[in-house]
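Listed below are the residues making up each chain.
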Amino acid sequence: MVTAANLGFPRIGPKRELKKATESYWKGEISRADLESTAQQLRAQNWTLQRDAGIAVIPSNDFSFYDQVLDTTAMVGAVPPRFGFAGDSVDLDTYFAMARGRDDAFAMEMTKWFDTNYHYIVPEFAADQDFRLASTKPVDQFLEAKALGIETRPVLVGPVTYLKLGKAKGGAFDPVTLLDRLLPVYEQVLNRLAEAGASWVQIDEPILVLDLSEAEKTALKTAYERLAKAASLKILVATYFEALGDNLDLAASLPVAGLHVDLKRAPDQLGAVLDAIGDDTVLSVGVIDGRNIWRADLDQALEPVKTAVAKLGGERVQVAPSCSLLHSPIDLDNEEKLDAEFKSWLAFAKQKLREVALLADAAAGKADEAAFADARKAAAARRSSPRIHDQAVKDRLAAVTSEMMKRVPFAERQKAQVANFHLPPFPTTTIGSFPQTKEVRQKRAAFRRGELTAADYDAFVQAAIDEAVRWQEEIGIDALVHGEFERNDMVEYFGELLDGYAFTQHGWVQSYGSRYVKPPIIFGDVSRPQPMTVKWSGYAASKTERPMKGMLTGPVTMLQWAFVRDDQPREATAKQIALALRDEVVDLEAANIKMIQIDEPALREGLPLKRKDWDAYLNWAVEAFRLSASGVAPGTQIHTHMCYAEFNDIIDSIAGLDADVISIETSRSDMELLDAFVKFQYPNQIGPGVYDIHSPRVPNRSEMENLLAKAVRVLKPEQIWVNPDCGLKTRGWAEVKPALESMVDAARALRQQYAQAAE
Ligand code: GLN
Ligand code: ZN
C-alpha cells in the first residue's frame, strides 16, 4: 500500500490565530495558559485536518511558538550564557527572549532558512559547548496527538543541519565538530519518543542538498550510524529544496529506514535515487509543491510515483509534498474575493494534502477518476486561459536585444550627470521611505475601505510629501525622496498596479516569529497598463529645485517576494517585469525625474543553493535589472539599493548591474562590506550606509563621521554618497529627524576637510 505522508503543516492558524495570541502574550494581555491553549487548539485542528484529508503519516513537533531551529536550541539546551538559563527545561520566556532579546540580553541573530523567506534563529555555539536535554516538546506533542487518537511521526531538525546552521562564537571553529557532544541528546530524544510509542521519526537534513565539505559528510555518516543504533524507532531522513546531487550516494548509504527527496524542485533525480537507495529503504517522493500555490496536474504528478512504485513496490513508497507546507498558505477555501476560475488553479496547504492523498490512492490502484478529471480540466484551462497569455508581452520579450540592456560607459554618463545635478562632494540622500506613521497607515486603510474619498486621500498624501520635501530641503539633503507614503509595501504596491498579478486575503506565510507575509501571486504575463509612480514622484519633484529620486522596486525583488507562475522559466517572468519597469523609468525621465532608484534588496537571496547554478541565475538577474534601467539618456542617473546580505561573493554581478550609484547596508558590519568593493575596484558610485535603521538607536554625528572616514580610506572621494542603510518606514520621526540632521552634518564636515586638503 502506497501511503500519503506529510512533512510539516503551517502553525500560524488560518486566521493568524498564533500571531494574535503570541503578540497578546508579549504585551501581557493574556496569560501563558491562554497562549498554550490557543497553541493546543491549533495543533489539534491541524492534526484532525490532516487526518480528514486522508493523510496517513501525520507530523508532530512541526508546531513552534517561533521557529523550529530555536526549538532545537531549546531541546538541546544550547541557550547562550547571556540569558542566564540554569533550570532543567527552557521556559517560554527564556525561549522568547532568545528570539527577541531582553533588557539585559540582546537577541540571537536571525537569517533565512535556505532559499526561503522563512527566517530561523541562528544557534550560537561556544568551543566547549555543552548540550543537554532541556525541552521535551517532541515527546509532549507526540503524546498530545496520541491522546487525540492520532498517531504521528515527530519531526526533528537533524543534528548536522542544526550544527551547520549555527555560528561559532568567540573563535574560529567549525560547529560541526561539536557533533559528538550533541548526539547524546538526540539519542535521548529518540529513546523517549520510542518509549512514548512512536514508530517513526522524521529527521530533516536539508543540508544534504548543499555543497558539503568532507567533514560535514563524515558527520552525517557518524550521526546516523549512531542514531540508528540508539533507538528502536525508524528514521526517515528528509531532504528538500534541491537535488541531492553529489550527496546522493551519501544520503542513500545512511543506515536509516526512509529517505525523502524533493521531486518538485529536482524531478530529474528520481532515476538515480531509485538506483542508489538501499534494498529495504522507504522512499518518500515529494511531488506536490510545498513552496508554491499552484494546483497540481495530478496526471503529471502521478508519473514519478508510479515509477517509484514499479521499482520499489507500493509498501516502500510514500507520497508527500516536496517539503514542509510551512511555506504555503493554509486554506484556499477562506478566499472570498478570488473568482472561481482563478481558484480552480490554486492549492494551499489543505488542498495540497488532498492532492497527496489522491495520488497515494491512485498509485494503490484506487484512483478517484472524477478528481483526476477535474484537475486535468483545471490544468488545461489554466494553460490556455487568455488571462494568462498576452501575446503583446510575449512578442516584446522575444524582441529584447542585448542593446536594450546597455548604456554608454559610466565615465560618459557621469559627465552628463555632473552637468545635470550640480551635487556637492559626498552628496546626501535617503533610501526612499519615510516613517509610515500610524496616521499614514490609517488614512490608507480608510481610503481602501472607501471611508475616505480619493480627493481627501490625495490631499493627505500631498501634505505629507510637502512636509517631507520642505524638511529635507531645510536640513540640507541633496537628493530628495518623496517618502513613499502612498505605498503599503514595496512589492505589493507595484503588484497591484501591474497586470498578471493577483492578491489573496488570507494567504499568509510565516516570515519569522509573529511576522507573516502575504506574497502576491504572479499568474500571467506581466504588463503595465499605465504609469505607476509618475503622479506622486512628479508631484514631489514639482515642489523642489533639487533632484527628486524616483523610486521603483526591481524585477528580481518583485519576483523573489512573490508566488511565481510555474509554467515558464523565472527568467522570463523577471524580464517581463523588467520591461514594465523600463517603461516606468522612461516615463519618469520624461516627467523630468532624472534620478531613479531601482531597489534590489532581494538580489542575493535569489541565489541557487548549489554554487554550480549561481552563474546562470546571476546572468539573467543582472540582465533583468539592466533591461529595466537602460532605456534612459546618459544624463539620467540610475541608483540601486541592496540590504540584508553579504555581497562579497557576488560583487562582480553587483558591478554588472552598472547602476550609477548603489546604496548598501554597511553600518552594522562597521563598513566591513566595503572590502569587497575595494578589492574589486568597484567602478561606479557607492553610498555605504552610515545609519543602522534597524535599531531605534539614534546615531550621533561622530559615529557617522567615523564610518565615513573608513569609507574615505578605501574609496575615491568622488565615488562616495552619504545615506542610511535602508528605508526609514519602520522608524519614527523622533528618531529619523535627529539622525538625518547628524548625517548631513557629518557629510558637511567631510566636505570641509576635503576642500581644505585640496587647497
Ligand atoms: N525604497 C525602499 C524603502 O525605502 C527600500 C526598502 C528595502 O530595501 N527593503 O523603503
Ligand atoms: Zn534596504
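Residues numbered from 1 in each chain as written. Chains lettered and ligands numbered in written order. Predicted model: local features only at pLDDT ≥ 70, side-chain atom pairs only at ≥ 80, totals over all residues. Heavy atoms only, no water.

Q: Help me get a handle on the packing of aromatic side chains, residues and values and all.
A: For the structure shown, the criterion picks out 24 aromatic pairs. Geometrically, the ring pair formed by Tyr95 and Phe96 is edge-to-face, given 5.6 Å between the ring centres and 65 degrees between the ring planes. Ring centres of Tyr240 and Phe241 lie 4.7 Å apart, and the angle between their planes is 70 degrees; this geometry places the pair in the edge-to-face category. Neither residue differs from the other here; Tyr240 and Phe241 are each classed as buried. (Phe/Tyr/Trp six-rings, centres within 6.5 Å; stacked < 30°, edge-to-face > 60°. Buried < 20%, exposed > 50% of the residue type's maximum accessible area, 1.4 Å probe, protein only.)

Q: Outline the coordination of the zinc ion (ligand 2), supporting the account with residue identities and numerical values.
A: Around the zinc ion (ligand 2), the protein contributes the donor atoms His641 (NE2), Cys643 (SG) and Cys726 (SG), which lie 2.0 to 2.3 Å from the metal centre. Each of the four donor atoms bound to the zinc ion (ligand 2) contributes to angles spanning 92 to 123 degrees, and the resulting shape is tetrahedral. Each donor residue of the zinc ion (ligand 2) lies on the same chain, and together they follow the pattern H-x1-C-x82-C. Separated by 85 residues along the polypeptide, His641 in strand β20 (residues 637-642) and Cys726 in the loop between α26 (701-714) and α27 (733-758) bring together distant segments of the chain. This pair shows no difference in class: His641 is buried, exactly as Cys726 is. (Donors = N, O, S within 2.8 Å, 3.2 Å for Na, K, Ca; no water. Tetrahedral: all angles 85-135°; square planar, octahedral: opposite > 155°, others 65-115°. Helix = DSSP H or I, 4+ residues; strand = E, 2+ residues; numbered from the N terminus.)

Q: So what's going on with the side chain of Glu144? Which residues, and what values?
A: Note that Glu144 resides in helix α5 (residues 137-147). At 2.7 Å, the side chain of Glu144 and the side chain of Arg43 are in polar contact. (Polar contact = N/O pair within 3.5 Å; in protein donor to acceptor, adjacent residues only side chain to side chain.)

Q: Account for the packing of helix α17 (residues 438-448) against helix α18 (residues 454-475), with residues named and values stated.
A: One way to put it is that α17 packs onto α18 with a least axis distance of 10 Å and a crossing angle of 160 degrees. For the element pair α17 / α18, the angle class is roughly antiparallel. Note on packing geometry: the crossing formed by α17 with α18 is left-handed. Of the residues in α18, those touching α17 at Glu439, Val440, Lys443, Arg444 and Phe447 are Ala454, Tyr457 and Phe460. Across the contact of α17 with α18, the residue classes break down as five nonpolar, no polar and three charged. (Axes fitted to C-alpha atoms, helices over the stretch in contact; angles between N-to-C directions. Parallel < 35°, antiparallel > 145°, perpendicular 65-115°, else oblique. Left-handed = near helix turned anticlockwise from the far one by under 90°. Contact = heavy atoms within 4.5 Å. Nonpolar A, V, L, I, M, F, W, Y, C, P; charged D, E, K, R; others polar.)

Q: Explain the sheet that holds strand β13 (residues 499-502) to me, and be specific about the residues and the numbers.
A: What the three strands build is an open sheet, ordered β13-β16-β18; its pairing is mixed. With partners counted over all chains shown, the strands left at the sheet margins are β13 and β18 (563-564), one partner each. Packed onto the sheet, helix α22 (residues 570-590) meets β13, β16 (521-527) and β18 and runs at close to 50 degrees relative to β16. (Pairing = 2+ DSSP bridges.)

Q: Can you tell me about the site of ligand 1, naming the residues and giving the values?
A: Taken together, 14 residues lie near ligand 1, and Ser433, Glu484, Asp599, His641 and Gly727 sit nearest. Contacts to ligand 1 include Glu484, whose side-chain N or O atom sits 2.9 Å from a nitrogen atom. Compared with its free state, where it exposes 300 Å², ligand 1 has 97% of that area covered by protein. Per-class residue counts for the shell around ligand 1 are seven nonpolar, four polar and three charged. (Near = heavy atom within 4 Å. Areas by Shrake-Rupley, 256 points an atom, 1.4 Å probe, with all protein chains shown as cover.)

Q: Any details on the pairing of strand β22 (residues 685-688)? Residues and values, ideally.
A: What you see with β22 is no split at all: Gln685 and Gly687 on one side and Ile686 and Pro688 on the other are buried throughout. The pairing of strand β21 (residues 661-664) with β22 spans four bridges and is parallel. Its bridge partner lying in β22, Val661 is registered against Gln685. The handedness of the β21 to β22 crossover, carried by helix α25 (residues 674-679), is right-handed. (Right-handed = clockwise from strand over helix to strand, strands pointing away.)

Q: Run through the packing of helix α2 (residues 32-52) against α5, naming residues and quoting values.
A: Where α2 meets α5, the closest approach of the two axes is 11 Å, and the angle between their N-to-C directions is 60 degrees. By the angle between their directions, the pair α2 and α5 is classed as oblique. Judged by the sense of rotation from one axis to the other, the crossing of α2 with α5 is right-handed. Contacts between α2 and α5 pair Gln40, Arg43 and Trp47 from the former with Gln141, Glu144 and Ala145 from the latter. When its residues are assigned to classes, the contact of α2 with α5 shows two nonpolar, two polar and two charged.

Q: Before we move on, could you go through unusual backbone geometry and cite the residues and values that matter?
A: In the Ramachandran plot, Phe241 falls in the positive-phi region, its phi being about 85 degrees despite a non-glycine side chain. Mapped onto the elements, Phe241 comes out in the loop between β9 (234-238) and α9 (248-253). If you check the backbone angles, Glu484 has positive phi at about 55 degrees while not being a glycine. The topology assignment puts Glu484 in the loop between α18 and α19 (492-497).

Q: Go over the environment of Gln436 with me, naming the residues and quoting the values.
A: Mapped onto the secondary structure, Gln436 falls in the loop between α16 (410-421) and α17. In sequence terms Gln436 and Ala602 are 166 residues apart; their C-alpha atoms lie 21 Å from each other. Not counting the four nearest positions on each side in its chain, Gln436 is found in contact with Arg441, Arg444, Glu484, Phe485, Arg487 and Lys729. Among the polar contacts listed, one links the side chain of Gln436 to the backbone oxygen of Arg487, at a separation of 3.0 Å.

Q: Before we move on, could you go through empty space enclosed by the protein and cite the residues and values that matter?
A: In total, this model carries seven cavities of 30 Å³ or more according to the counting rule given. One number sums up the size of the largest cavity: a volume of about 270 Å³. Residue lining of the largest cavity: 24 residues in total, with Asn61, Asp62, Gln68, Val155 and Val157 positioned closest to the centre. A per-element tally of the lining of the largest cavity places helix α3 (residues 68-75) first, with four residues. Residues of the lining of the largest cavity, tallied by class, amount to 12 nonpolar, seven polar and five charged. Quantified by volume, the second largest cavity comes out at close to 60 Å³. Surrounding the second largest cavity, Phe9, Pro10, Arg11, Arg43, Asn46, Trp47, Asn61, Asp62 and Phe63 form its lining. (1 Å grid on protein atoms, 1.4 Å probe; cavity = no way out; pocket = protein on both sides within 12 Å on 5 of 7 lines; lining within 4 Å. Points joined across faces, edges and corners; volume = space filled by probe spheres on them.)

Q: How would you summarise the nonpolar core if you had to cite specific residues and measurements?
A: Within the largest apolar cluster, 136 residues are counted, with the highest numbers of intra-cluster contacts made by Tyr162, Leu190 and Tyr224. The residues touching Leu190, leaving out its near neighbours within four places in the chain, are Leu156, Val201, Ile203, Leu227, Ala231, Leu233 and Ile235. One finds Ile475, Val491, Leu559 and Ala659 within the second-largest nonpolar core, a separate group that totals 107 residues. (Core = buried A, V, L, I, M, F, W, Y, C linked by side-chain atoms within 4.5 Å.)

Q: Lay out the sheet that holds β22 with the relevant residues and their values.
A: Pairing between the strands of a sheet is mediated by backbone hydrogen bonds and can be parallel or antiparallel. The five strands are arranged β17-β19-β20-β21-β22 in an open sheet whose pairing can be described as parallel. Edge positions in the sheet fall to β17 (549-553) and β22, since each has one partner strand and no second. Looking at each pair of strands side by side, their axes are set apart by 20 degrees on average, direction ignored. Summarising the sheet, β20 and β21 pair through four bridges and their orientation is parallel. By the bridge assignment, Thr640 is partnered in β21 with Ile662.

Q: Hey, could you go over α26 for me, with residue numbers and the actual values?
A: In a regular helix each residue adds 1.5 Å, so 14 residues correspond to 20 Å; α26 covers 20 Å between its end C-alpha atoms and thus fits that length. Listing the buried residues of α26 in full gives Met704, Leu707, Leu708 and Ala711. The arc enclosing the buried residues of α26, seen along the axis, measures out at 100 degrees, which places them on a common side. What points out from α26, more than 90 degrees from its buried face, is the exposed set Asn706 and Arg713. Lining the buried residues of α26 we find α25, β22 and α27. (Expected span 1.5 Å × (residues − 1). Arc of directions from axis to C-beta.)

Just geometry here; none of it tells us what the structure is for.
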